[in-house]
Amino acid sequence: MTALPAPAPALAETVTRRFAAGRRIAFAIPTVILVYLVYAAVSFDITGLVQRARFENAAILLGDFWSHKTHVTRDNRTGRVTIAIEGEAKGTYPEGMVPEWVGIAGNVTTIDLGGGHVVTYDDRGARYVVPGYGTLDIRPEGGKPVLTAPRPIPDWISVSENKVSATTAAGRFSYSRSKVETFRYEPGWELWFFTLDSPFYGKSWGELLALATTADRIDPARTNLGYMAREFWTNKMWRHGDVAWAIFETILMAFLGTMSAALVALPLSFLAARNFNPLGPLRFVARRVFDFIRGVDGLIWTIILSRAFGPGPMTGAIAIAITDSGTFGKTFSEALENIDDKQVEGIRSTGANGLQRARFGVIPQVTPVLLSQILYYLESNTRSATVIGAIVGGGIGLLLTQAINTQKDWEEVAYYMVLIVLMVMLMDSLSGWLRRRLIKGA
Amino acid sequence: MVDVAFGPEPGRRPNLVDPQAAYLDLVRRKRMYGGILLVVFVALMASGWRLAEDRNAGGFLGGLGQLFDFPAEVLAEAWEKRALLPAIFRDHIPALIETLNIAAVATLTGAMAAMALSLLATRGLARWPRLIPLFRRAMDALRAIPEIVVALVLIYILGGGPVPAVIAIALHTGGALGKLFSEVAENADLKPVEGLASVGASWGQRMWLGVIPQVAPNWLSYALLRFEINVRASAILGFVGEGGIGHDLKIAMQWGQGRYDEVVAIFALLFLTIVLIDQVSDRCRHKLVRGN
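Reading the values: the criteria
Residues numbered from 1 in each chain as written. Chains lettered and ligands numbered in written order. Predicted model: local features only at pLDDT ≥ 70, side-chain atom pairs only at ≥ 80, totals over all residues. Heavy atoms only, no water. UniProt positions renumbered as here; feature names shortened; annotations may be inferred. Helix = DSSP H or I, 4+ residues; strand = E, 2+ residues; numbered from the N terminus. Rg over C-alpha atoms; globule rule 2.2 N^0.38 Å. Contact = heavy atoms within 4.5 Å. Areas by Shrake-Rupley, 256 points an atom, 1.4 Å probe, with all protein chains shown as cover. 1 Å grid on protein atoms, 1.4 Å probe; cavity = no way out; pocket = protein on both sides within 12 Å on 5 of 7 lines; lining within 4 Å. Points joined across faces, edges and corners; volume = space filled by probe spheres on them. Nonpolar A, V, L, I, M, F, W, Y, C, P; charged D, E, K, R; others polar. Buried area = accessible area lost by both parts, 1.4 Å probe. Salt bridge = Lys/Arg side-chain N within 4 Å of Asp/Glu carboxyl O. Polar contact = N/O pair within 3.5 Å; in protein donor to acceptor, adjacent residues only side chain to side chain. Buried < 20%, exposed > 50% of the residue type's maximum accessible area, 1.4 Å probe, protein only. Core = buried A, V, L, I, M, F, W, Y, C linked by side-chain atoms within 4.5 Å. Domains from an automatic or database assignment. Expected span 1.5 Å × (residues − 1). Axes fitted to C-alpha atoms, helices over the stretch in contact; angles between N-to-C directions. Left-handed = near helix turned anticlockwise from the far one by under 90°. Pairing = 2+ DSSP bridges.

An unreviewed UniProt entry lists chain B under the name Phosphate-import permease protein PhnE, from Pseudogemmobacter humi. A UniProt comment under Subcellular location (unreviewed entry) is attached to chain B, and it reads "Cell membrane". In its Sequence similarities (unreviewed entry) section, the UniProt entry covering chain B states "Belongs to the binding-protein-dependent transport system permease family."

As recorded in an unreviewed UniProt entry, chain A goes by the name Phosphate-import permease protein PhnE, listed as coming from Pseudogemmobacter humi. Taken directly from UniProt, the Sequence similarities (unreviewed entry) text for chain A runs: "Belongs to the binding-protein-dependent transport system permease family." Its UniProt record, at the heading Subcellular location (unreviewed entry), says of chain A: "Cell membrane".

*Asks:* Looking at this structure, how should I read the overall build of chain A?
*Replies:* Assigned secondary structure in chain A consists of 12 helices and 12 strands. The C-alpha radius of gyration computed for chain A amounts to 34 Å, which surpasses the reference 22 Å derived for 442 residues by more than 25%, pointing to a less compact arrangement than a globule. Taken over the C-alpha atoms alone, chain A extends approximately 105 × 85 × 50 Å along its principal axes. For chain A, the proportion of contacts with a sequence separation of at least 24, taken over those separated by at least 6, is 55%. Just so you have it, chain A exposes about 23,100 Å², and 62% of that area is on carbon and sulfur atoms.

*Asks:* Could you clarify how one ought to interpret the layout of surface pockets in this entry?
*Replies:* Where empty space is left becomes clear once a probe the size of a water molecule has been rolled over the atoms. Put simply, the second largest pocket is a space of about 2,400 Å³. Lining the second largest pocket are 39 residues; nearest its centre among them are A:Thr367, A:Leu371, A:Leu438, B:Gly34 and B:Leu37. Every element with two or more residues in the lining of the second largest pocket is listed here: helix H6 (240-272), helix H10 (354-392) and helix H12 (410-440) of chain A together with helix H2 (19-54) of chain B. Here the lining of the second largest pocket gets 14 residues from one element, more than from any other, and that element is H2(B). Split into classes, the residues belonging to the lining of the second largest pocket amount to 30 nonpolar, four polar and five charged.

*Asks:* Which parts of the structure should I look at to understand the interface of chain B and chain A?
*Replies:* When the parts of a complex come together, some accessible area is lost, and that lost area is often used as the size of the interface. Counting residues at the interface gives 64 residues for chain B, matched by 64 residues for chain A. With both chains or domains summed, chain B and chain A bury close to 5,900 Å², and 74% of this area falls on carbon and sulfur atoms. A per-residue breakdown of the area chain B buries against chain A is headed by B:Trp49, B:Arg55 and B:Tyr156, which together make up 13% of the total. With its nearest N and O atoms 3.7 Å apart, the salt bridge here joins B:Arg143 to A:Asp428. Counting the contacts that link chain B with chain A gives 16 residue pairs in polar contact (both at pLDDT 80 or more). Among the elements that take part in the side of chain B that touches chain A, helix H12 (residues 260-291) of chain B stands out by supplying nine residues, more than any other.

*Asks:* Mind showing me how you'd approach the environment of A:Gly116 here?
*Replies:* Residues and elements named next belong to chain A. Note that Gly-116 resides in the loop between strand E4 (108-114) and strand E5 (117-122). Given the relative accessible area of 45%, Gly-116 is considered partly exposed. Ignoring anything within four residues of it in the chain, the contact list for Gly-116 reads Val-129 and Pro-131.

*Asks:* What's the story with the nonpolar core in this structure? I'm lost.
*Replies:* Soluble, globular proteins show a tendency: their nonpolar side chains are buried together. The biggest cluster of nonpolar side chains holds 107 residues, and the ones touching the most others in it are A:Phe173, A:Leu299, A:Ile396 and B:Leu249. Here this core takes 10 residues from helix H7 (residues 147-158) of chain B, the largest share from any one element. Membership of the second largest hydrophobic core comes to 34 residues, among which are A:Phe309, A:Ile374, A:Tyr377 and B:Met45.

*Asks:* I tried to follow the domain arrangement of chain A on my own but got confused; where do I start?
*Replies:* Taken domain by domain, chain A holds domain 1 (69-187), domain 2 (197-235) and domain 3 (240-440). On a C-alpha basis, the centroid separation for the pair domain 2 of chain A and domain 3 of chain A is 43 Å.

*Asks:* Which parts of the structure should I look at to understand the UniProt feature "domain: ABC transmembrane type-1" (unreviewed entry) in chain A?
*Replies:* According to UniProt, the positions carrying the feature "domain: ABC transmembrane type-1" (unreviewed entry) are residues 247-431 of chain A. The annotated region residues 247-431 of chain A carries 88% helix and 0% strand content, and the separation between its end C-alpha atoms amounts to 17 Å.

*Asks:* Can you help me understand the UniProt feature "transmembrane region" (unreviewed entry) in chain A in this one?
*Replies:* All names here are of chain A. Under the present numbering, the feature "transmembrane region" (unreviewed entry) in UniProt falls on residues 25-44, 243-272, 384-401 and 413-434. Secondary structure content for residues 243-272 is 100% helix and 0% strand, while the C-alpha to C-alpha distance between its ends is 42 Å. Between the C-alpha atoms that bound residues 384-401 the distance is 14 Å, and the span itself is 89% helix and 0% strand.

*Asks:* Explain unusual backbone geometry to me, please; I cannot follow it from the model alone.
*Replies:* With glycine set apart, most residues show a phi of negative sign, and most peptide bonds adopt trans. Residues and elements named next belong to chain A. One non-glycine residue with positive phi stands out, namely Asp-45, at about 60 degrees. Classification of Asp-45 by relative accessible area gives partly exposed; the value is 37%. Its identity is not glycine, yet Arg-239 carries a phi of approximately 50 degrees, on the positive side. Mapped onto the elements, Arg-239 comes out in the loop between helix H5 (224-233) and H6.

*Asks:* Explain the UniProt feature "domain: ABC transmembrane type-1" (unreviewed entry) in chain B to me, please; I cannot follow it from the model alone.
*Replies:* Cross-referencing UniProt, the feature "domain: ABC transmembrane type-1" (unreviewed entry) maps to residues 96-281 of chain B in the present numbering. End-to-end, the C-alpha atoms of residues 96-281 of chain B are 18 Å apart, and along that stretch the chain is 83% helix and 0% strand.

*Asks:* Any chance you could explain empty space enclosed by the protein here in plain terms?
*Replies:* All names here are of chain B. Considering all chains together, one arrives at two cavities of 30 Å³ or more under this definition. In this structure, the largest cavity spans a volume of roughly 70 Å³. Taken together, the residues of the lining of the largest cavity sort by class into four nonpolar, one polar and five charged. As a volume, the second largest cavity reaches approximately 30 Å³. Around the second largest cavity, the lining residues are Ala-151, Ile-155, Gly-161, Pro-164, Ala-165, Leu-237, Gly-241 and Glu-242. Looking at side-chain class alone, the lining of the second largest cavity contains five nonpolar, two polar and one charged residues.

*Asks:* Even after reading the chapter, I still don't get helix H8 (residues 163-186) of chain B, so can you show me in this structure?
*Replies:* Helical geometry note: an α-helix holds 3.6 residues per turn, so side chains three or four residues apart project in the same direction. Here H8(B) contains 24 residues, and its C-alpha end-to-end distance of 33 Å stays within 8% of the 34 Å for a straight helix at 1.5 Å per residue. With respect to burial, H8(B) is a largely interior element, 18 of its 24 residues being buried.

*Asks:* Mind showing me how you'd approach the packing of H6(A) against H10(A) here?
*Replies:* The packing of two helices is summarised by the inter-axis angle and the distance between the axes. All names here are of chain A. Interaxial distance between H6 and H10 falls to 8 Å at its minimum, and their mutual angle equals 145 degrees. Seen along the crossing, H6 lies across H10 with a hand that is right-handed. Contacts between H6 and H10 pair Thr-250, Met-253, Ala-254, Phe-255, Thr-258, Met-259, Ala-262, Leu-266 and Phe-270 from the former with Ala-358, Val-362, Ile-363, Leu-370, Ile-374, Tyr-377, Leu-378, Asn-381, Thr-382, Ala-385, Thr-386 and Gly-389 from the latter. Residue composition of the contact of H6 with H10, grouped by class: 15 nonpolar, six polar and no charged.

*Asks:* So what exactly am I meant to see when it comes to the UniProt feature "transmembrane region" (unreviewed entry) in chain B here?
*Replies:* All names here are of chain B. UniProt records the feature "transmembrane region" (unreviewed entry) at residues 32-52, 102-126, 147-171 and 263-280, using the numbering of this structure. Regarding residues 102-126, the helix share stands at 76% and the strand share at 0%, and the terminal C-alpha atoms are separated by 31 Å. Here residues 263-280 runs as 100% helix and 0% strand, with 26 Å between its end C-alpha atoms.

*Asks:* Explain the environment of A:Val42 to me, please; I cannot follow it from the model alone.
*Replies:* Looking at the element boundaries, A:Val42 is found in helix H1 (residues 7-43). Taking the C-alpha atoms as reference points, A:Val42 and A:Arg54, 12 residues apart in sequence, are found 20 Å from one another.

*Asks:* Explain the sheet that holds strand E3 (residues 102-105) of chain A here, please?
*Replies:* All names here are of chain A. The sheet built from six strands is open, its strands ordered E3-E4-E5-E6-E7-E8 with antiparallel pairing. Each edge of the open sheet carries a strand with a single partner, namely E3 and strand E8 (144-148). Adjacent strand axes in the sheet meet at a mean angle of 15 degrees, parallel and antiparallel pairs treated alike. In this sheet, strand E7 (residues 134-141) lies alongside strand E6 (residues 125-130) in antiparallel orientation, the contact comprising five bridges. Its bridge partner being in E7, Val-130 is matched across the sheet by Gly-134.

This is the structure in structure tokens:
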């Protein structure tokens, strides 16, 4: 038996120790993360949040995302019946025009909610026939609504002194002293193409096509197609024209901001690059300027600028330009420090001056890196421009925050969200395409 | 042979009999394209700025004079009340911590989701190769939705507080980091994975022991960069929505004159925090990537 070399036990020990340390770390990191998340959950008051959350709001929101409701309201004092989409003045049916599921004959209004649900308003009060349950019969007595319905009253009917309301799968019905109201829910975004006062409302695709191509002019002054485009563009409910402008403004902000930032940062980044600026103090100043601009942050710049320039896309574009010139200055100078010096020396050997060396020796080398950075930021700034628009008051961000703050036009919120996502995806693929074309094609 | 040298594209071929003329022709054409691009770009920029100015409430030159009015006013007032500043700093520290917590929790949860998503969406590593396009599109969608949209909708449902901002930022982080993580994982060496597969390791074990150790430094570096971005996003979301130091800033701004000392204090806190985080994370990232 020959003895093994001496280091073996020590080596084994070291390896075991390292393994143990590794194992401890492998358990310690997830534990630390978990402890931190628990602390965060406590500090964010998650339990209180669950109590405060209003999940019925989520239901309203989801419902509005894909459907709309039509209000059929009778004023109990005057007996006047109005039919309005989403209860808005812009969506009120004009006198003499009713949807096919409403019948008005004298003082009797019949509303067919579908599936056998029928609501009738007449001189005695109102009745709601619910299949499988019976009839809710409401008559005003001494000004207060009195309900007669099969007992026991189920929990989808709520009865109080001054108001009776019922919510079923087909719609909602409520009777109060002043008015009786029925909501009918239908899928889709109503009036998306044409509003009720437009001559093109309610026409099928075939009819519209015929109108656009062969039929006589509705308005002799212009073609039907032009009229149609005008009616769509100025749709009062959805304001397509304004929305298109807002999207354009947002993209404009991103484009102007990114490109201007790049133009400002490019010359300055030479000052901050070690191989182009031998003066240490100047380099230090340039770098601290970039750090300062980045540190002040888009939010603060945006607030200061909107005080000076007022709300609008120019303010947003300048805010993006300032914030990003700091970022570009840093990344561009890093790219400049990483170039290959041989090409610059080659240019120098032909007797080129500093500017010519930069133009022919440096720029061609860094162009791909810079372009790819700029295009990446162009895409990312489309998103930032949405947020900045909400602060400075311009573009689609403003429309979105307004629509959310009114807390009722959720179908518009859904519309803007879809448009924003499409816009960002479009800019994403555009910048990707440009990157491939310009960098690989070069 | 000519095809190999000059590519298959149709169109005018260079005249090889006279290479100098051909070269000059090529240069001229390139310069012309460059010139046209430059003209188009300048025209776009000029008309764009003019249009933006038209649609702005205030003009550029008029605003330029007032640019320093607001900072000057704010700073003057803060200077008068400079004795109060330390107390104001102390008052806003909890809000600052909340902002940082929002960013940190969102980065952590987003990064964890991104780890799973990126591995599922990487060719050669995916658990279900057929579902790669699905996971990629999911990440694209997560990236495309701006944080503010999710945050504002969630504030309506969940009420105020920091949680809507956390969820909004985490969703976006998941998509953004997922893409970057997946690009890193694509370049990972597959030999350890094959070795683990040969001893019967499950997919989770292969990823955890074979891939993660390889990509961890780069992933961490990206996650740190994202944390920097998320701190800013969290401050902005606070300003537009609710929660954290952004919200304090909005209230102080709405109050206007008389509370400008608070505005200055919050600006300063935000600035110092962002610079500090940028510097620390910059140093860590250099170490992580160089140490590799």
